[in-house]
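# Structure at a glance
Read off the chains here:
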Amino acid sequence: GGPIGSELAQAFARFGCKVTIIGKLMPREGDDVRATMQRVFKAEGITMLDARAESVQRDSTSNGIVVFAGGSAVTSERLLVASGRRPRGLDALHLAAAGVKFHPEKGIEVDSNLRTSSKHIYAAGDCLGGLQFTHLAGYQAAVAAFNCTQAISTAAPQNETVPRCTFTH
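Report follows, based on the coordinates. (Residues numbered from 1 in each chain as written. Predicted model: local features only at pLDDT ≥ 70, side-chain atom pairs only at ≥ 80, totals over all residues. Heavy atoms only, no water.)

With that settled, consider the overall build of the chain. Regarding its fold elements, the chain presents three helices and seven strands. Reading the helices (α) and strands (β) of the chain from amino to carboxyl end gives α-β-α-β-β-β-β-β-β-α. Whereas a compact globule of 169 residues would reach a radius of gyration of roughly 15 Å, the chain reaches 20 Å, over 25% beyond that. Counting only C-alpha atoms, the chain reaches 65 × 35 × 25 Å along its principal axes. (Helix = DSSP H or I, 4+ residues; strand = E, 2+ residues; numbered from the N terminus. Rg over C-alpha atoms; globule rule 2.2 N^0.38 Å.)

What follows covers the pairing of strand E3 (residues 53-59). In terms of strand pairing, E3 meets strand E4 (residues 64-69) through six bridges, oriented antiparallel. Residue pairing for E4: Gln 57 is matched across the bridge by Val 66. A loop of four residues connects E3 with E4, the two strands running antiparallel in sequence, and Asn 63 in this loop sits at a positive phi of about 60 degrees. (Pairing = 2+ DSSP bridges.)

Once the charged atoms of two side chains with opposite charge are near each other, the side chains can pair. In the structure shown here, the tally under the stated rule is four salt bridges. One salt bridge in this structure joins Arg 164 and Glu 29, with 3.0 Å as the shortest N-O distance. Residue Arg 164 is located in the segment after helix H3 (134-149), and its partner Glu 29 is located in the loop between strand E1 (20-22) and helix H2 (31-43); the two are separated by 135 residues in the primary sequence. Taking relative accessible area as the criterion, Arg 164 reaches 33% and is therefore assigned partly exposed. Glu 29 sits in the partly exposed class, given a relative accessible area of 21%. Salt-bridge contacts for Arg 86 lead to Glu 105; the nearest nitrogen and oxygen are separated by 3.4 Å. Of this pair, Arg 86 sits in the loop between strand E5 (72-76) and strand E6 (102-103) while Glu 105 sits in the loop between E6 and strand E7 (107-108), and the two are 19 residues apart along the sequence. The class of Glu 105 is partly exposed, set by a relative accessible area of 39%. (Salt bridge = Lys/Arg side-chain N within 4 Å of Asp/Glu carboxyl O. Buried < 20%, exposed > 50% of the residue type's maximum accessible area, 1.4 Å probe, protein only.)

See the structure below:
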């Protein structure tokens, strides 16, 4: 039910597929946005189940797939998983050897100026975890480059100030 899952759900529904979204619809958005999208999706025939998927198995009678969530069983021919992203491959960078603190699931720790725990190393983009948008990564890279080359520094944007768009209609 996040941005990518919502975009794909609507696209597939408009292609004529029967679509069920399992999970909280647009969890980072406000209640007003969520309510509007629920009305739009319902009008377009998209079913929403506000529950966490607990298990998935093959349906031996139809050769389909059954997803169990919130006490319900949703049967389908295909399953699209849009479960979000996490930083990957940080272990390969040997960050601990450089004195950089990080969490394999959450990303590299930085201060408000994008400086890591190793004061001469800065980080930007998806490796930080959090919001993962191309426009944000590019802006963070510019801020980090400025901060590591200038005598003064500027703060990276706070998550709540970052513009974003979910491409649904």
